[in-house]
Amino acid sequence: MNPASRETVAVIDLGAQYAQLIARRVREAGVWSEVYPCTVKPEDLERLGVRAVILSGGPASVYWENAPRVDERIFRMGLPVLGICYGLQLMTQAMGGEVVKADTREFGRATLHVGKNGGELFAGLPSEMTVWMSHGDSVRGVTADFERIASTVDCPNAALSHRSLPLFGIQFHPEVAHTPRGKDVIRNFLFRIAGLRGGFAMESFVEDAIAQIRTNVGNGNVICGLSGGVDSAVVAALVHRAVGSRLHCILVDNGLMREGEIDRVVETFQGHFHVDLHVARAADRFLSRLEGIVDPEEKRKRIGHEFIEVFSEKAKEIEGAEFLAQGTLYPDVIESHSAFGGPSVTIKTHHNVGGLPDKLHFKLVEPLRMLFKDEVREIGKTLGLPDEIVFRQPFPGPGLAVRILGAVTPEKLSVVRKADAIVLDEMRQSGWDRKVWQSFAVLLPVSTVGVMGDERTYENVVAVRVVNSEDGMTADWTYLPEDLVRRLSTRLINEVRGVNRVVFDISSKPPSTIEWE
Ligand code: XMP
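(A) Spatial organisation of the overall build of the chain. Each helix and strand counted, the chain has 14 helices and 20 strands in total. As displayed, the chain has an accessible area near 22700 Å², and 49% of this comes from carbon and sulfur atoms. Across the chain, the mean location of the 59 positive side-chain charges is 1 Å away from that of the 68 negative side-chain charges.

(B) Highlighting the site of the ligand. Residues in contact with the ligand, as listed here, are Arg300, Pro394, Pro396, Gly397, Pro398, Trp437, Gln438, Gly472, Lys509, Thr513, Ile514 and Glu515. In the model, an oxygen atom of the ligand is placed 2.8 Å from a nitrogen or oxygen of the glutamine 438 side chain. Residue isoleucine 514 places a main-chain N or O atom 2.7 Å away from an oxygen atom belonging to the ligand. Burial of the ligand by the surrounding chains reaches 68%, relative to a free accessible area of 500 Å². Residues of the shell around the ligand, tallied by class, amount to five nonpolar, four polar and three charged.

(C) A look at the confidence of the model for the chain. With 93% of its residues at a pLDDT of 70 or more, the chain has an overall mean of 91. Taken together, the stretch residues 337-354 has pLDDT below 50 and engages in 46 contacts with residues farther than four places along the chain or on a different chain.

(D) Highlighting the pattern of salt bridges. Scanning the entire structure with this criterion turns up 38 salt bridges. For arginine 192, the salt bridge goes to glutamate 120, with nearest N and O atoms at 3.1 Å. On the criterion of sequence distance, the pair formed by arginine 192 in helix α4 (residues 182-193) and glutamate 120 in the loop between β6 (106-114) and β7 (128-135) is long-range, its members being 72 residues apart. Salt-bridge contacts for lysine 373 lead to aspartate 231; the nearest nitrogen and oxygen are separated by 3.2 Å. Separated by 142 residues along the polypeptide, lysine 373 in helix α11 (residues 373-382) and aspartate 231 in helix α6 (residues 230-243) bring together distant segments of the chain. Look at lysine 373 and you get partly exposed, because its relative accessible area is 34%. One salt-bridge network, in which partners are shared between bridges, spans Asp425, Glu426, Asp483, Arg487, Arg491 and Glu495.

(E) Summary view of the sheet that holds strand β15 (residues 321-325). One open sheet holds the five strands; their spatial order is β14-β13-β12-β15-β16, and the pairing between them is parallel. Pairing within the sheet leaves two strands with one partner each, and these edge strands are β14 (276-281) and β16 (363-365). Direction aside, neighbouring strands of the sheet carry axes that sit 30 degrees apart on average. Here three bridges tie β15 to β16, and the two strands are oriented parallel to one another. Within β16, the residue paired with leucine 324 across the bridge is leucine 364. In the packing of α6 onto the sheet, the strands contacted are β12 (221-226), β13 (247-253), β15 and β16, and the crossing angle to β12 comes to about 160 degrees.

(F) Representation of the packing of aromatic side chains within the structure. Across all of its chains, the model carries eight aromatic pairs by this definition. Aromatic pair tryptophan 32 and phenylalanine 205: ring centres 5.7 Å apart, planes at 40 degrees, arrangement tilted. You can see tryptophan 32 sitting in strand β2 (residues 32-37) and its partner phenylalanine 205 sitting in helix α5 (residues 202-217), a full 173 residues away along the chain. According to the relative accessible area criterion, phenylalanine 205 is buried, its value standing at 0%. Relative to phenylalanine 273, the ring of phenylalanine 269 lies with its centre 5.7 Å away and its plane at 45 degrees, an arrangement referred to as tilted. The pair phenylalanine 269 / phenylalanine 273 is uniform in exposure class, with both members buried. Here the guanidinium or amino end of arginine 6 rests over the ring plane of tryptophan 32, the centre of that ring lying 4.6 Å away. Above the ring of phenylalanine 372, the side-chain terminus of arginine 24 is found at 4.8 Å from the ring centroid.

(G) Seen up close, the side chain of glutamate 7. Here glutamate 7 is to be found in the segment before β1 (8-13). Residue glutamate 7 is classed as buried on the basis of its relative accessible area, which comes to 7%. At 2.6 Å, the side chain of glutamate 7 and the backbone nitrogen of arginine 197 are in polar contact. Polar contacts involving the side chain of glutamate 7 include one to the main-chain amide nitrogen of glycine 198, which spans 2.9 Å. Beyond its immediate stretch of four places on either side in the chain, glutamate 7 contacts Val31, Trp32, Arg51, Leu196, Arg197 and Gly198.

(H) Looking closely at the environment of phenylalanine 395. Residue placement: phenylalanine 395 occurs in the loop between α12 (387-390) and α13 (410-429). Among the residues examined, phenylalanine 395 registers a relative accessible area of 15% and is labelled buried. In this structure, the C-alpha to C-alpha distance between phenylalanine 395 and glycine 498, residues 103 residues apart in sequence, is 24 Å.

(I) A look at the sheet that holds strand β11 (residues 167-170). Strand order in the open sheet made by the nine strands is β2-β1-β3-β4-β11-β10-β9-β6-β7, with mixed pairing throughout. Sheet topology places β2 and β7 at the edges, where each strand pairs with a single neighbour. On average, each strand axis in the sheet is tilted by 30 degrees relative to the strand beside it, whichever way the strands run. Of the strand pairs in this sheet, β6 and β7 are connected by eight bridges, and their pairing is antiparallel. Looking at the pairing, glycine 108 lines up with methionine 133 of β7. Contacts between α4 and the sheet are confined to β1, β3 (50-55), β4 (81-84), β7 and β11, with β3 contributing the most and set at about 150 degrees to the helix.

(J) A look at α13. Taking 1.5 Å per residue, 20 residues should reach 28 Å; α13 reaches 28 Å between its end C-alpha atoms and fits that length. Buried residues of α13: Leu413, Val415, Val416, Ala419, Asp420, Ile422, Val423, Leu424, Glu426 and Met427, and no others. Against the buried residues of α13 lie α8 (283-290), β17 (438-452), β18 (455-468), α14 (482-495) and β20 (499-504). Downstream of α13 by a residue or two, glycine 431 has a phi angle that is positive, lying close to 80 degrees.

What counts, and where the lines are drawn
- Residues numbered from 1 in each chain as written.
- Predicted model: local features only at pLDDT ≥ 70, side-chain atom pairs only at ≥ 80, totals over all residues.
- Heavy atoms only, no water.
- Helix = DSSP H or I, 4+ residues; strand = E, 2+ residues; numbered from the N terminus.
- Areas by Shrake-Rupley, 256 points an atom, 1.4 Å probe, with all protein chains shown as cover.
- Lys, Arg positive; Asp, Glu negative; His and termini not counted.
- Charge placed at Lys NZ, Arg CZ, Asp CG, Glu CD.
- Near = heavy atom within 4 Å.
- Polar contact = N/O pair within 3.5 Å; in protein donor to acceptor, adjacent residues only side chain to side chain.
- Nonpolar A, V, L, I, M, F, W, Y, C, P; charged D, E, K, R; others polar.
- pLDDT = per-residue confidence, 0-100.
- Contact = heavy atoms within 4.5 Å.
- Salt bridge = Lys/Arg side-chain N within 4 Å of Asp/Glu carboxyl O.
- Buried < 20%, exposed > 50% of the residue type's maximum accessible area, 1.4 Å probe, protein only.
- Pairing = 2+ DSSP bridges.
- Axes fitted to C-alpha atoms, helices over the stretch in contact; angles between N-to-C directions.
- Phe/Tyr/Trp six-rings, centres within 6.5 Å; stacked < 30°, edge-to-face > 60°.
- Lys NZ or Arg CZ within 6 Å of the ring centre and 35° of its normal.
- Expected span 1.5 Å × (residues − 1).

Have a look at this one:
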């Protein structure tokens, strides 16, 4: 996905987590950016029409045996290059400079003093500014080709520029929020140094993606599994724009979804977009597979197997489909390759709808491979998907089955579904649903004594789980306003038959997980 007309900046990955964030900042500045592995060749950059290169930071030292390196011809192509942290060290070493090994790391905020020769990289910026440092080694000596343009007390060569080639290097991290003017440094590199125009917007991504899908798919037919989530919905809407009635969507109703979710997907895709949608009504099949199963892993396994069976059966009904569209996102792609000598980007076999086996032999269509989640949401809005789908919180593949502790029964499903709907309703009405990562109800296999009217009750406990998280890997419980917590408690006990007690989960991850099973 990189039409020649689009200005593209290559971020060369020398340590995955930094590269993603840099690409992100470049896109926020209105320039399309893609992350490439460090094995990328100058010829590749030329072929891809890359207009500037940024070398990411990374945890390595240039003195490590297996340190990631780049093809040094990249520095002499005439392309503007900005080396960040380890990228700076690699660049100066490649150009004859000296990098000194450090015994300790410099980590945290520092004051950068920009020289009078700060030039285009620091144009419009103050002569002193706060920057974030996170490095061990540093550049000690540079050849006469380089000049120092900024420094900190601990790091004399905090920014360098080459005298005759468009090469720049900075020891600090402009991509992190702790470098408040970092965005301006990046913008200066893009617009003043590389002379880019900017103005990239998601609308143009959509047009290019549609053209690309048409080229790849030709006259073929495409299958797409809808899960109710934003990624698969955006893929389906995009592919539908590209190939129209040659897109065939499959929605597996496993009976474990939230209230109204299946109907909303059907209404959106069949009712609104007029997509050829095949709904597999398989709730009974999933429920009988789950009968009496208490062990969480066993539940997941059974649901996964059943999903594959149901999906494959439905897929067989669609004749002549050779493509499978999937909502693989950028982090899924990036996580799966290593900066340390990884040959090239290998794609993790990631399936939004559940693990589909390779033996289905589809060719993959993955138009979101280069996007972050919030960019996918932006595209979803551009394509006219409803907010309930675009801003849907993450929801586990095994659905409500892992939010019923103990064996799943139709009665328990209906209790947890109702409780869950109340939690979501209150979160939405108070505007808290978009401030948190997830908010949901869990039905505990515990009965407690209560009193309602004059009657003694002996009913179940519902736990409310609300967490903040960046990526689901770590999470913290959310401190909700008291009135919201009170409303949740009152409504859950009053409106959900079979529940007489509500508890609030105050566990972070780790050591707990987000889901209870
Ligand atoms: P845990 O419970 O491991 O969850 O802290 C982390 C995030 O992943 C979601 N989750 C799943 N998502 N299939 C999914 O697509 C699954 O089987 C699954 N299990 C957990 C969970 O909701 C949270 O956002």
